[in-house]
Amino acid sequence: MADTNDDTEPGDRSGAHAPDREAAHVTTSVARRIEPGREHDFVTWTDAGIALARTFPGFLGGGWLRSAKRPDEYYVVYRFADGSALDDWDRSPVRRAWLTRGEGVAVEHATHRLSGIERWFEPQSHLTHAVRVLGAPPPRWKQAITIWLGFFPLSVLINYLVVAHLGDLPLVLKTLIATLISTPVMVYVLLPWITARLARWLR
């Protein structure tokens, strides 16, 4: 299989192009270094693992990619409908037994897990090749607009319902209280909700 121009080459990616309809989707990549002379064993073992993961509810796709710069390094990618589905696979006896069969074939040395808006807000230089090839993040101006769409109405609401009733408290304390409320609401509620509805525009 020839190396691609983007520093990786694809293996089995069955289901890798499943529609991304919700921000809850979770992608995880595992970087593994193969023992000398065990490449064929690694590919066979990895394909077997993906076939096992395919039997779990919420599995959306997976595959492996090879680094063009390090021939002994591969990235295995899995995508699940949500974190709970991925956790079911990660903690399953089936996966543990599969990992045991891979001892002596490859050594895991890095993992990366992305979910919700992290999959495009994470700086690309911090991602493994396996995650990067699944799609680049939207332009910064789209990210900025998305954040503003949540931040502006939330700021107005907090100022009206909370800050306006804090009386003569110092400005620093008012700001502290407002940000303690707005930050988790933005991260866990508004941004996932907004990005799910702007998914097509953000691509």
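The rules we used
Residues numbered from 1 in each chain as written. Predicted model: local features only at pLDDT ≥ 70, side-chain atom pairs only at ≥ 80, totals over all residues. Heavy atoms only, no water. Buried < 20%, exposed > 50% of the residue type's maximum accessible area, 1.4 Å probe, protein only. Helix = DSSP H or I, 4+ residues; strand = E, 2+ residues; numbered from the N terminus. Pairing = 2+ DSSP bridges. Salt bridge = Lys/Arg side-chain N within 4 Å of Asp/Glu carboxyl O. Polar contact = N/O pair within 3.5 Å; in protein donor to acceptor, adjacent residues only side chain to side chain. Phe/Tyr/Trp six-rings, centres within 6.5 Å; stacked < 30°, edge-to-face > 60°. Lys NZ or Arg CZ within 6 Å of the ring centre and 35° of its normal. Expected span 1.5 Å × (residues − 1). Contact = heavy atoms within 4.5 Å. Core = buried A, V, L, I, M, F, W, Y, C linked by side-chain atoms within 4.5 Å.

Participant: Would you take a moment to explain the pairing of strand β4 (residues 73-80) for this structure?
Facilitator: Within a regular strand, side chains alternate between the sheet's two faces. β4 sits mainly inside the fold: eight of its eight residues count as buried. Every second residue of β4 is oriented toward a common face, with E73, Y75, V77 and R79 on one face and Y74, V76, Y78 and F80 on the other, all of them buried. The sheet contact formed by strand β2 (residues 26-34) and β4 spans eight bridges and is antiparallel. Looking across to β4, one finds that R33 is bridged to E73. Alignment of strand β3 (residues 59-67) against β4, held across seven bridges, turns out to be antiparallel. Residue pairing across strands places G61 opposite R79, the latter belonging to β4. In textbook terms, the turn of a hairpin is the stretch between consecutive antiparallel strands, and for β3 and β4 this stretch comprises five residues.

Participant: I tried to follow the pattern of salt bridges on my own but got confused; where do I start?
Facilitator: One side chain can pair with another of opposite charge once the charged atoms of both are near each other. Per the stated rule, a full pass over the model turns up six salt bridges. The residue R38 makes a salt bridge to D41 at a minimum N-O spacing of 2.6 Å. The exposure class of R38 is partly exposed, given its relative accessible area of 29%. Judged by its relative accessible area of 33%, D41 falls in the partly exposed class.

Participant: Looking at this structure, how should I read the side chain of R79?
Facilitator: Mapped onto the secondary structure, R79 falls in strand β4. Looking at R79, its side chain comes within polar contact range of the side chain of T27, at 3.3 Å.

Participant: Looking at this model, I keep getting lost on the packing of aromatic side chains. Mind explaining?
Facilitator: Centre-to-centre distance and the angle between the planes together describe a pair of aromatic rings. Throughout the structure, instances matching the rule amount to ten aromatic pairs. Where F59 meets F80, the ring centres are 5.4 Å apart and the plane angle is 70 degrees; that geometry is what we call edge-to-face. Placement of F59 in strand β3 and of F80 in strand β4 is noted, with a sequence separation of 21 residues between them. Here F59 falls in the buried class, since its relative accessible area comes to 14%. Taking 5.4 Å as the distance between ring centres and 15 degrees as the angle between the ring planes, the aromatic pair formed by W148 and F152 counts as stacked. With W148 and F152 both in helix α6 (residues 140-161), this residue pair falls four residues apart, about one helical turn. A residue is classified by how much of its surface remains accessible, and F152, at 45% relative accessible area, is partly exposed. Sitting over the ring of W201, K142 keeps its end group 5.0 Å from the ring centre.

Participant: Just to check I follow, could you spell out helix α1 (residues 39-53) for this structure?
Facilitator: Think of an α-helix as 3.6 residues a turn; residues three or four steps apart then line up on the same face. With 15 residues, α1 should cover 21 Å at 1.5 Å per step; its first-to-last C-alpha distance of 21 Å lies within 8% of that length. For α1, every residue scored as buried is listed here: F42, V43, W45, T46, G49, I50 and A53.

Participant: I would appreciate a short explanation of the environment of A31 in the present structure.
Facilitator: Relative to the elements of secondary structure, A31 occurs in strand β2. Along the sequence, A31 and W64 sit 33 residues apart, while their C-alpha atoms lie 9.6 Å from each other. Here A31 is in contact with Y74, Y75, V107, E108, H109 and A110, once residues within four sequence places are set aside.

Participant: Explain the nonpolar core to me, please; I cannot follow it from the model alone.
Facilitator: General note: in soluble globular proteins, nonpolar side chains tend to be found buried as a group. One finds F42, A53, F59, Y78, F80 and W89 to be the most contacted residues of the largest nonpolar core, which totals 20 residues. Going through the elements one at a time, β2, α1, β3, β4 and α2 (83-90) are the ones with two or more residues in this core. A total of five residues in this core trace back to one element, the largest contributor, which is α1. Ignoring any residue separated from it by four or fewer positions in sequence, one finds Y78 in contact with V26, T27, T28, I50, A53, F59, G61, G62, W89 and W98. Core analysis: the second largest hydrophobic core is formed by six residues, I158, A178, M186 and L191 among them.

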